[in-house]
Amino acid sequence: MFECMASHSRFTSSAAWTIASSVNRVLPEGALPAPNWAPGRLLKKHQRTPMGTGVPRRTLSLCPECNREAVEAVIRGQSDVAGFRERPGIIDAEILEEGGRILMRKACETHGPFEDVLSNHPDFFQRMEAQSLGGDFDCVGDREVHDHGPNSIRAGRGSYLIVDLTNRCNMMCRPCFMDANGVGYVDETDMEELKTIFERAGSFKPNREINVLFSGGEATLSPIFLDAIRHAKSKGFHRLHASTNGIRFAESRNFAVEASAAGLHGVYLQFDGVSEEKNKHRGLGNYMEVKLRALENIAAAGMQTTLQVTVVNGLNNDCVGEIVRFALRNADQIHGVIFQPVMFTGRDERISTEDRYAERYPLSQLAYDLQAQTSIDWRPMRDWYPASAYAIFSHLDDVLDRGAERGSLFPDMHPDHAIMSPLLVDTEKGKAIPIPAFFDLGRFMQDVVQITDSGRSPRVTRAMVLLSLLRNFNQAKAPSGLGPHELRGLFEGSLYRFTRSDGDWSRQASAKTARWRLMFLNGMWFQDAYNYDFATICNSNVPVATWQGEISFCAYNGGGWRKVLESVHHTATVADWYRNHGRHQIYAAGKKVQLVESLSSRPEPLVQIEAAPVGTFFTRG
């Protein structure tokens, strides 16, 4: 009886969709709005700049040795920043398929050939590229922000704005993409520089919503950490996060409460495995105790935690499934997981060719390792999409909310560099299921593109999105207890991940429903000099805010810009810093963090947050 009713509901919504979309196609398309935050009218799909995809293809890359020589010339005073800007060591490269792999090959006239693996699953690689929505607006009025020669960001809004507060750290890890504590100098951002960073962040179009990620080193060591959060919030940035090893949060719940009160929304917590054995490379003697305490204190302060996992082939790639199971068991504390394959920069810049081949972890492998290491029917070719595909929902919100001061968060990174899979978590039964197992996510996103491109009124747009949502829902395959009402609530509840924020955004985004939750699993691929692709730098989705403007995270770390700018800008030598400020504690070689507060099994949250009522998306306006 139930299956018959579910089938009837799906048939009815499909029939209604067919009629509505047929009428919609016959009518002339309307124009999309031109909001104040944008440099022009919102873009339809055919107006977006295609991203460089397809195999084989030619591109420009870096010679790792030429790039290193160019960096060292600045450090030695033989060149300047302007010289490095124009001549970072560019060479031709080819991306091709060979022997069941996607490869980058390039050759330098001076230093010879280089090869690296981009994917060991060509079909998956091509599936991600085929799902690309295309690029966002070109940037306008950004000369002081994006002036870095061939490494300049030229388009897009960015999803994360990295703000490095200090290069000091209280751990000594390997890998470390920035060689924290190992470069011989201290480089810290002061409040005047921070104010300039946020002035620039809102100085050009598209004026965007963005996740601010305070980072380092270890961001919580910065003397301006709390003031930086307060200042960013005062400037209208509400998506405020910290990337951290969690030691300060584990040491003191009060610190977590103070950070939350300052405006911190969430924490990206370093987490490379669920056991001490899998984290020996981090050097911390009681790694898991610290992580569990940090999770508890962060949650008690009303904030969310995203696990940030550096994956090294042969080191911890065999435990990515265990990390997901840990996240699902602790879904009341953990918002999601970001897996980041190791990039060979910083402490690993001079890795041998043999070790690089052995440790390289292609992003495509993540999907297949999670399929093999879990039992939730994860299917790589069905359940994963490029993160940029979800920009469709940002665009939908831009179309509907025409008077917004800022554009929605728009993740338009290259499809080779970020992938995402949404899981439905049943908190009552402790189970998870991929959303595409019962919901045709691919067709739904195609529908939304068709709907927004037609340029209808907000009321018609919402009605058609609701019809599409229902027609793509297969209730017969959905978990028991999940019906159209619950599905609609999940969709509305997940939109905050992409849409703009306001003063109360953090509280609403932290709201939890009683039973069903979405958890997004992400994979983010950052380039180093061996796999560098200039065609993907121009619309970098993860800029680093520096005294020289916003620079692609890959260019900053993988392309040598960090060393160049820090060598010119650094605050003091390590010796001078220690003499004036004293030494900070570094936990390495098995040293343990002394935790004085007791660890409870499940604390009562200090902050209670009620979920927003269902229905706001489809009924407003």
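Heads up: these notes are all about the structure in this document. In this convention, every chain numbers its residues from 1, walking through the sequence in written order. Local features in a predicted model are, by the rule used here, given only for residues with pLDDT of at least 70; side-chain atom pairs are given and counted only at 80 or more, and totals for whole chains, interfaces and linings are based on all residues. Remark: hydrogens and water are excluded; side-chain values derive from all non-hydrogen atoms of the structure.

## Concerning empty space enclosed by the protein
Logical step 1: Definitions used throughout: a 1 Å grid over protein atoms alone; a cavity as a set of points that fits a 1.4 Å probe which cannot get out; a pocket as an open set with protein on both sides within 12 Å along at least five of seven lines; a lining residue as one with an atom within 4 Å of a point. Grid points are joined across faces, edges and corners, and a volume is the space filled by probe spheres set on the points. For the coordinates displayed, the defined rule picks out nine cavities of 30 Å³ or more.
Logical step 2: There is about 700 Å³ of room inside the largest cavity.
Logical step 3: Looking at the largest cavity, it is lined by 38 residues, and the ones nearest its centre are F177, S243, Q308, T310 and Q340.
Logical step 4: In this description a helix means any DSSP run of H or I spanning at least four residues, a strand means any run of E spanning at least two, and both kinds are numbered starting from the N terminus. Elements with a contribution of two residues or more to the lining of the largest cavity: strand 5 (160-164), strand 7 (211-215), strand 8 (240-244), strand 9 (266-270), strand 10 (304-311) and strand 11 (334-341).
Logical step 5: Put simply, the second largest cavity is a space of about 480 Å³.

## Some words on the packing of aromatic side chains
Logical step 1: Pairing of aromatic side chains requires ring centres within 6.5 Å, counting the rings of Phe and Tyr and the six-membered ring of Trp. Pairs whose planes differ by under 30 degrees are stacked, by over 60 edge-to-face, and all others tilted. What the rule picks out here adds up to 20 aromatic pairs.
Logical step 2: Between the aromatic rings of F393 and F491, the centroid separation amounts to 5.9 Å while the plane-to-plane angle is 75°, which identifies the pairing as edge-to-face. Remark: F491 occurs in helix 17 (residues 484-494) and F393 occurs in helix 14 (residues 391-400); sequence separation between them is 98 residues.
Logical step 3: Classification of F491 as buried rests on a relative accessible area of 8%.
Logical step 4: Summarising the aromatic geometry, the rings of Y532 and F534 are spaced 5.0 Å apart at their centres and angled 70° between planes, so their arrangement reads as edge-to-face. Each residue is assigned to one of three classes by its accessible area relative to the maximum for its type, calculated with a 1.4 Å probe on protein chains only: buried under 20%, partly exposed between the two thresholds, exposed over 50%.

## Let's talk about the environment of H584
Logical step 1: Structurally, H584 can be placed in the loop between helix 21 (574-581) and helix 22 (616-619).
Logical step 2: For H584, a relative accessible area of 16% translates into the label buried.
Logical step 3: Spatially, the C-alpha atoms of H584 and N170 are 7.1 Å apart, while their sequence positions differ by 414 residues.
Logical step 4: The definition of a polar contact used here is a pair of N or O atoms within 3.5 Å, where within protein one atom must be able to donate a hydrogen and the other to accept one, and adjacent residues in sequence count solely through side-chain atom pairs. Reaching out from H584, the side chain makes a polar contact with the backbone oxygen of C169 at a distance of 2.7 Å.

## Observations concerning a nonpolar patch on the surface
Logical step 1: On the surface, I19, V23 and L27 cluster together into a nonpolar patch covering about 280 Å² of accessible area.
Logical step 2: Along the chain, the position of V23 falls in helix 1 (residues 2-26).
Logical step 3: Take V23: its relative accessible area is 46%, and that puts it in the partly exposed class. Patch building starts from residues that exceed 30% relative accessible area and form no salt bridge, then joins like charges within 9 Å and nonpolar side chains (Val, Leu, Ile, Met, Phe, Trp, Tyr) within 5 Å. Note on areas: these come from Shrake-Rupley sampling with a 1.4 Å probe, and a residue is covered only by the protein chains present in the view. The salt bridge definition used is simple: a Lys or Arg side-chain nitrogen within 4 Å of an Asp or Glu carboxyl oxygen.

## Quick look at the sheet that holds strand 3 (residues 101-108)
Logical step 1: Pairing within the open sheet is antiparallel, and its four strands lie in the order 1-2-3-4. The strands lining the two open edges of the sheet, one partner per strand, are strand 1 (57-62) and strand 4 (112-119). Strand-to-strand twist across the sheet, computed as the mean angle between neighbouring axes with direction ignored, equals 30°. At least two DSSP bridges between two strands are needed for those strands to be called paired. Orientation is described by lines fitted to C-alpha atoms, with helices fitted over the stretch in contact, and by angles between N-to-C directions that extend from 0 to 180 degrees.

## A look at the packing of helix 10 (residues 320-329) against helix 12 (residues 363-373)
Logical step 1: Viewed as axis vectors pointing N to C, helix 10 and helix 12 meet at an angle of 70°, and their least axial separation amounts to 8 Å. Taken as axis vectors, helix 10 and helix 12 run roughly perpendicular relative to one another. The segment helix 10 lies against helix 12, with V320, G321, V324 and R325 engaging L366, D369, L370 and Q373.
Logical step 2: Partitioning the contact of helix 10 with helix 12 into residue classes produces four nonpolar, two polar and two charged. Here is the rule for angles: anything less than 35 degrees is roughly parallel, anything more than 145 is roughly antiparallel, 65 through 115 is roughly perpendicular, and the remaining ranges are oblique. Residue contacts are defined here by distance: any two heavy atoms, one from each residue, within 4.5 Å place the two residues in contact. Asp, Glu, Lys and Arg are counted as charged, while Ala, Val, Leu, Ile, Met, Phe, Trp, Tyr, Cys and Pro are counted as nonpolar; the rest, among them Gly, fall into the polar class.

## Quick look at the state of the cysteines
Logical step 1: When the sulfur atoms of two cysteines come within 2.5 Å, that pair is taken as a disulfide. Applying the stated criterion across every chain, the model contains zero disulfides.
Logical step 2: C538 supplies the cysteine sulfur nearest to C554, a cysteine that is in no disulfide, at a spacing of 12 Å.

## What to know about the pattern of salt bridges
Here the idea is simple: oppositely charged side chains can pair when their charged atoms come close.
Logical step 1: Taken as a whole, this structure holds 38 salt bridges when the rule is applied.
Logical step 2: Residues E550 and R208 are paired through a salt bridge, measuring 3.1 Å at the closest nitrogen-oxygen approach. Linking E550 in strand 17 (residues 549-552) with R208 in the loop between helix 5 (191-201) and strand 7, this pair joins segments that are 342 residues apart in sequence. Taken individually, E550 and R208 each receive the classification buried, so the pair is uniform in this respect.
Logical step 3: Ionic pairing is found between D447 and R471, a salt bridge with its closest N-O pair at 3.0 Å. Taken together, the residues D447 in helix 15 (residues 441-453) and R471 in helix 16 (residues 458-471) connect sequence positions 24 residues apart.
Logical step 4: On the basis of relative accessibility, which here comes to 4%, the residue D447 falls in the buried class.
Logical step 5: Taking the relative accessible area as the measure of exposure, R471 reaches 11% and is therefore buried.

## A word on the pairing of strand 13 (residues 418-426)
Logical step 1: Burial of strand 13 is extensive: nine of the nine residues sit out of reach of the surface.
Logical step 2: A two-sided burial pattern is seen for strand 13, the buried positions comprising A418, M420, P422, L424 and D426 on one face and I419, S421, L423 and V425 on the other.
Logical step 3: By the bridge criterion, two bridges tie strand 12 (residues 385-386) to strand 13 in an arrangement that is antiparallel. Following the sheet pairing, Y385 is matched in strand 13 by M420.
Logical step 4: With nine bridges connecting them, strand 13 and strand 15 (residues 516-524) associate as antiparallel partners. Within strand 15, the residue paired with V425 across the bridge is R517.
Logical step 5: Between strand 13 and the antiparallel strand that follows it, strand 14 (residues 431-434), lie four residues; G430 among them carries a positive phi value of about 70°.

## Notes on the packing of helix 6 (residues 225-234) against helix 8 (residues 253-262)
Logical step 1: Between helix 6 and helix 8, the shortest axis-to-axis distance is 8 Å and the interhelical angle comes to 25°. Relative to helix 8, the element helix 6 lies roughly parallel. For the pair helix 6 and helix 8, the contacting residues are F225, L226, I229, R230 and K233 in the first and F255, E258, A259 and A262 in the second.
Logical step 2: Split by residue class, the contact of helix 6 with helix 8 holds six nonpolar, no polar and three charged.

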